[in-house]
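# Residue-level structural notes
This is what each chain is made of:
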Amino acid sequence: MKIIQSSTINPVQKKAIHDLWNKEYPAKLKHGELKELDDYLSGLADVEYHLLTGPSEEVVGWALRFTRNNQPWFAIVVDSNLHGQGHGRRLLEEMKKNTAELNGWVIDHNKDLKENGEYYRSPLGFYLKNEFIILPETRLELEKMSAVAIRWINKK
């Protein structure tokens, strides 16, 4: 598995990201049409993609770093069949390079269903193991999502 870093993605990669997003995130966050993902991505500034690709160059995970309110933010998705193999950590390490901090939202409960009917497992423990801290006073409570803010700060 290799990681490709880019400021753009091609249509095949975008479709793979769309499919992975819809497969791995809670069904409430689904992007029905590819245009919905386009709209989401086009609203982000200073986007940097990190694509985890398999042997046939297929996208099996992706992360993105972007700027929001003059702060570096991120999102990450890895195919659940690859969880526990270090790929998410590798993607985080790539995003941590050349930045002083990363901010994100993480669903901190296991109540949401994915498209396949399985419960979405909160990745909060994963982020805590990877040096993120929880900002409990900063929550996102929307109809589609309940999440807490997390932050990593470069201590080097």
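For clarity, every value in this text was computed on a predicted model and none was experimentally measured.

Rules used in this analysis
Sequence order sets the numbering: in each chain, residues are counted from 1 along the sequence as written. Reporting in this predicted model follows two pLDDT cut-offs: at least 70 for local features of residues, and 80 or more for side-chain atom pairs to be given and counted; totals over whole chains, interfaces and linings ignore these cut-offs and use all residues. Think of the side-chain values as coming from all heavy atoms in the structure, minus any hydrogens and water. Cavities and pockets are found on a 1 Å grid laid over the protein atoms alone: a cavity is a set of points where a 1.4 Å probe fits but cannot escape, a pocket is an open set with protein on both sides within 12 Å along at least five of seven lines, and a lining residue has an atom within 4 Å of such a point. Grid points are joined across faces, edges and corners, and a volume is the space filled by probe spheres set on the points. By the criteria applied, helices consist of DSSP H or I runs no shorter than four residues and strands consist of E runs no shorter than two, each listed in order from the N terminus. Only the six-membered ring of Trp is used, alongside the rings of Phe and Tyr, when aromatic pairs are assigned; centres must lie within 6.5 Å, and planes under 30 degrees apart are stacked while those over 60 apart are edge-to-face, with the rest tilted. Working definition: with a 1.4 Å probe on protein chains only, accessible area under 20% of the residue-type maximum means buried, over 50% means exposed, and in between means partly exposed. Charge over a ring is defined by NZ of Lys or CZ of Arg lying within 6 Å of the ring centre and within 35 degrees of the ring normal.

Moving on: the layout of surface pockets. Rolled over the atoms, a probe with the dimensions of a water molecule shows which regions are left empty. Approximately 1,200 Å³ is the volume attributed to the largest pocket. Lining the largest pocket are 43 residues, with Tyr 25, Ile 76, Tyr 120, Pro 123 and Tyr 127 positioned closest to its centre. Contributions of two or more residues to the lining of the largest pocket are made by helix H1 (11–24), strand S3 (59–68), strand S4 (71–78), helix H3 (87–96), strand S5 (101–107) and helix H4 (124–129). For the lining of the largest pocket, the element with the highest residue contribution is S4, accounting for six residues. Each pocket or cavity is described by its volume, and for the second largest pocket that value is around 190 Å³. Every residue along the wall of the second largest pocket is listed here: Glu 93, Lys 96, Lys 97, Glu 131, Trp 152, Ile 153, Asn 154, Lys 155 and Lys 156. Looking at the lining of the second largest pocket, the elements with two or more residues in it are H3 and strand S7 (146–153).

Under the criterion given, the structure shown has nine aromatic pairs. For the pair Trp 21 and Tyr 40, a centre-to-centre distance of 5.3 Å together with 65 degrees between the ring planes defines the contact as edge-to-face. Here Trp 21, found in helix H1, pairs with Tyr 40, found in helix H2 (residues 34–42); they are 19 residues apart in sequence, far enough to count as distant. Among the residues examined, Trp 21 registers a relative accessible area of 8% and is labelled buried. Between Phe 126 and Tyr 127, the aromatic rings sit 5.1 Å apart at their centres with planes inclined by 65 degrees, giving edge-to-face as the arrangement. Through a chain of ring-to-ring contacts, the aromatic side chains of Trp 21, Tyr 25, Tyr 40, Trp 62 and Tyr 120 assemble into a single cluster. Lying over the aromatic face of Trp 73, Arg 68 brings its terminal NZ or CZ to 4.9 Å of the ring centre.

Read these as geometric descriptors, not functional statements.
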